[in-house]
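Residue-level structural notes
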Amino acid sequence: MIMNVFKNLYDYRELLKTSVKKEVRSKYKNSFLGVLWSFLNPLLQIIVYAIIFSLILKNKQDNYAIFLCAGLIPWTYFSISINKSAFTIIENGNIIKKVYFPREIIPISVVTAETINFLISTLIILGFVIFGGIGISKYILYYPLVLIAQYLVILAISFIISSICVYFRDLQHFIGIILQLLFYATPIVYSQDSIPPEYQWILKYNPMTYIVNAYRNIFYYKTAIDLKSIILLIIIAIGGCVCGYWIFSKLQKGFAEQL
Amino acid sequence: MENYAICVKDVYKNFNVYLDKSNTIKEKILFLSRNKKEKREVLKGINLKIKQGEAVALIGTNGSGKSTLLKLMTKILYPNSGVIRINGKLTSLLELGAGFHPDFSGRENIYFNASIFGLTKKQIDAKLEDIIEFSELEEYIDNPVRTYSSGMFMRLAFAVAINVNADILLVDEILSVGDEHFQNKCIKKMLELRDKGKTMVFVTHSMDSVRKLCSRAVWLCDGQIRIDGNTNEVINKYVEETK
C-alpha cells in the first residue's frame with residue numbers, strides 16, 4: 001500500500017517537477033521586480049515589525065531585527081504554504097474534472113514550491129547575521145534537519161486542509177484568522193522565556209514553537225538545537241503525514257463532483 | 001482475470017443534484033430546509049468486461065451514462081458501489097487540451113500536457129518529434145498557444161494524447177477534431193493502435209467511426225446496458241429504435 005503511493009508519485013515525477021516549477025515561476029511572473037520580491041517582501045515585513053516592536057513597544061532584545069528575522073521568515077514559509085493549500089484544489093478544479101493524475105501532487109507541489117522560496121529567503125537570514133555582526137556558526141549544519149521537520153509538519157497540515165476546503169469553502173477564511181492567532185502564539189516577535197509560566201502551555205502545544213526556536217538557536221543564539229524535540233516532532237509529523245494522506249485520499253474521490 | 005483490461009462489476013453511480021447549492025457553513029445552517037438535493041441515478045448496475053486488445057464503442061442517447069462510465073474508468077469519479085479494475089496503463093481523452101496553458105508555447109505545453117498523462121521528461125523527449133509531426137504545427141510550435149486557432153489547438157492536444165504510450169485508451173466524443181484530412185489521420189492512427197493490441201473504449205455518436213474502429217458495441221440506456229454485442233447488430237438496432 002505504502003509502496004504503491006510512492007510508486008505512483010515516482011511515475012508522475014515529471015508532473016510534480018513541472019508543477020513545482022510553474023508554481024515558483026508564476027509567483028513573480030507578472031511583477032516588474034520579479035524574484036526580487038522574494039527578498040523585498042520579507043525584508044519590508046521585518047522592517048515594519050522591527051519598528052513597531054523595538055521603537056514603539058520598546059522591546060529590549062539585542063539585535064532585534066535579526067532576532068525577528070530568524071523567526072519571521074520560517075513563519076512566512078509556514079503560513080503561505082497553509083494559506084495556499086486552502087485554495088489550491090479549487091483553483092485546479094478545471095483540470096481535476098478532466099484528467100486523472102494522482103491528486104496528492106497538487107498539495108505536495110504547493111508545499112515544495114514554498115520550500116524553494118523559503119530556501120531563497122534563507123539568504124536574507126544569512127545576510128542579516130553576517131552583516132549584523134553575529135556571524136555564522138557550525139550549528140548551521142542543523143538547518144536541513146529543522147527544514148525537514150518543518151516540511152513534514154506543513155505537508156501533513158496541507159493534505160488535510162486542501163482536501164477539506166473543497167467541501168467547506170468557509171474554512172479558507174477561518175484559516176486566515178487561525179494563522180493570525182497562531183502567529184502570536186508562536187515566539188516570533190517575542191522570545192519564549194518572556195512569556196509568563198501560566199501561558200507557556202500554549203507555546204508547548206504549538207509545533208511551530210519548536211521550529212522557530214530551532215532556527216533561532218542556529219542563526220541568532222548560535223547554539224545547538226533541542227535535538228530531542230525536533231526528532232520527536234519529525235516522528236509526529238510523519239505520523240501526521242500518513243493520517244493526512246489517508247484523509248486526503250478518502251476525500252479526493254469526491255473532488256470532481258464537488259468542484 | 002488477467003486478460004481483461006477493464007473489469008466493471010456491479011457499478012452504481014449517483015449524483016447529488018443540488019437545486020440551490022450552499023457552499024458555506026452559514027448557508028448550510030441558515031437554509032437547512034433549502035438544501036434540497038435530488039439524487040439522480042446515472043448508472044444502475046453496470047457489468048462490463050473488456051478484453052485486452054478489444055476496441056469497444058459505448059453508444060446511447062445523451063444522458064445515458066456513457067461519459068460517466070468513462071470517467072469512472074479513468075478514476076476522475078468513483079462509484080458509489082461496485083468495483084472497477086484496470087489492468088495496465090490507462091490514458092483518457094475526455095476533453096482535449098485540459099491543462100494547456102495559453103501563455104506557454106506549443107512545445108512547452110506538450111511537455112506539460114504529457115506530464116499530466118504520467119510521462120517522464122525522457123519519454124517526452126523521445127516522442128516530441130512524433131507529436132509535432134502529427135499535429136502538423138511545425139512552424140507554429142514555438143508560438144504561444146493562445147495565438148492558435150481552435151483547430152490547431154485541437155490538433156496539438158490530440159497529437160499529445162494519442163502519442164502517450166498507454167495500454168488502454170478511453171476516448172470521449174473527440175473524433176470530430178479538425179478538418180476531414182485530420183480526422184482521417186486520427187482514425188488511421190487509432191486503427192494502427194488497435195492493431196498493435198491496445199485496448200480502446202470510445203464514446204461517440206458518429207456511427208460511421210464506430211463501424212470503422214470497433215468490433216464490439218455496448219448500448220447504454222438509462223444507466224443500464226441494453227445490448228452488448230457485435231457492432232453492426234447493436235448499431236442497427238440502436239438506429240432503428242432511436243429513429
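The written sequence of each chain sets the order in which its residues are numbered from 1. Note on labels: chains are lettered from A, ligands numbered from 1, in written order. Local features in this predicted model are restricted to residues whose pLDDT is 70 or higher, and side-chain atom pairs enter the listing and the counts only when it is 80 or higher, whereas totals over whole chains, interfaces and linings include all residues.

Attention shifts here to unusual backbone geometry. Leaving glycine aside, a negative phi is the common case for residues, and trans is the common case for peptide bonds. Not every positive phi belongs to a glycine, and N63 of chain A is a case in point at roughly 45°. Secondary structure elements follow DSSP: runs of H or I no shorter than four residues count as helices, runs of E no shorter than two count as strands, and numbering proceeds from the N terminus. Turning to its location among the elements, N63 of chain A is positioned in the loop between α3 (36–56) and α4 (64–91). A positive phi angle, near 50°, is found at D10 of chain B, a position not held by glycine. In this structure, D10 of chain B sits in strand β1 (residues 4–18).

Each regular strand displays side chains that alternate between the two surfaces of the sheet. All names here are of chain B. With C-beta atoms placed from the backbone, a residue is labelled by how many other C-beta atoms lie within 10 Å of its own: buried for 20 or more, exposed for 12 or fewer, partly exposed between the two. Here strand β5 (residues 90–93) shows no split at all, with L90 and S92 on one side and T91 and L93 on the other all buried. Here four bridges tie β5 to strand β6 (residues 168–172), and the two strands are oriented parallel to one another. From the neighbouring strand, L93 faces β6, where its bridge partner is V171. When DSSP locates at least two bridges between a pair of strands, those strands are taken to pair.

Residues and elements named next belong to chain B. As paired strands, strand β3 (residues 55–59) and strand β8 (residues 216–221) are joined by four bridges and run parallel to one another. Residue pairing for β8: L58 is matched across the bridge by V218. For β8 and strand β9 (residues 224–230), the ladder comprises six bridges, and the chain directions are antiparallel. Paired with A217 across the bridge in β9 is G229.

A few words on the sheet that holds β8 of chain B. Residue and element names in this part refer to chain B. As summarised here, the arrangement of the six strands in space is β5-β6-β7-β3-β8-β9, forming an open sheet in which the pairing is mixed. Looking at which strands have only one partner, the edges of the open sheet turn out to be β5 and β9. Strand-to-strand twist across the sheet, computed as the mean angle between neighbouring axes with direction ignored, equals 15°. Angular values range over 0 to 180 degrees, each being the angle between N-to-C directions of two axes fitted as lines to C-alpha atoms, with helices fitted over their stretch in contact.

In this section: the nonpolar core. For our purposes the nonpolar core covers buried Ala, Val, Leu, Ile, Met, Phe, Trp, Tyr and Cys residues that link as a set through C-beta atoms within 7 Å. Counting residues in hydrophobic clusters, the biggest one holds 135 residues, and the most contacted among them are C69 and L155 of chain A together with L58, L170, F202 and A217 of chain B. Considering each element in turn, this core owes the most residues, 14 residues, to helix α7 (residues 143–167) of chain A. Both domain 1 (1–18 + 38–88 + 167–243) and domain 2 (99–165) of chain B contribute no fewer than three residues apiece to this core. Any residue pair is listed as a contact if its two C-beta atoms, each placed from the backbone, are within 7 Å. If near-sequence neighbours (up to four positions away) are discounted, L155 of chain A is found in contact with I108, V111 and C241 of chain A. Throughout, the edges of the domains are those of an automatic or database domain assignment.

The subject of this paragraph is the interface of chain A and chain B. With 18 residues of chain A at the contact, the number on the chain B side is 22 residues. Among the secondary structure elements, those contributing two or more residues to the side of chain A that touches chain B are α2 (13–28) and α12 (255–258) of chain A. Per element, the largest residue contribution to the side of chain A that touches chain B is four residues, and it comes from α2 of chain A. We call Asp, Glu, Lys and Arg charged. Ala, Val, Leu, Ile, Met, Phe, Trp, Tyr, Cys and Pro are nonpolar, and the rest, Gly among them, are polar. Per-class residue counts for the side of chain A that touches chain B are eight nonpolar, one polar and nine charged.

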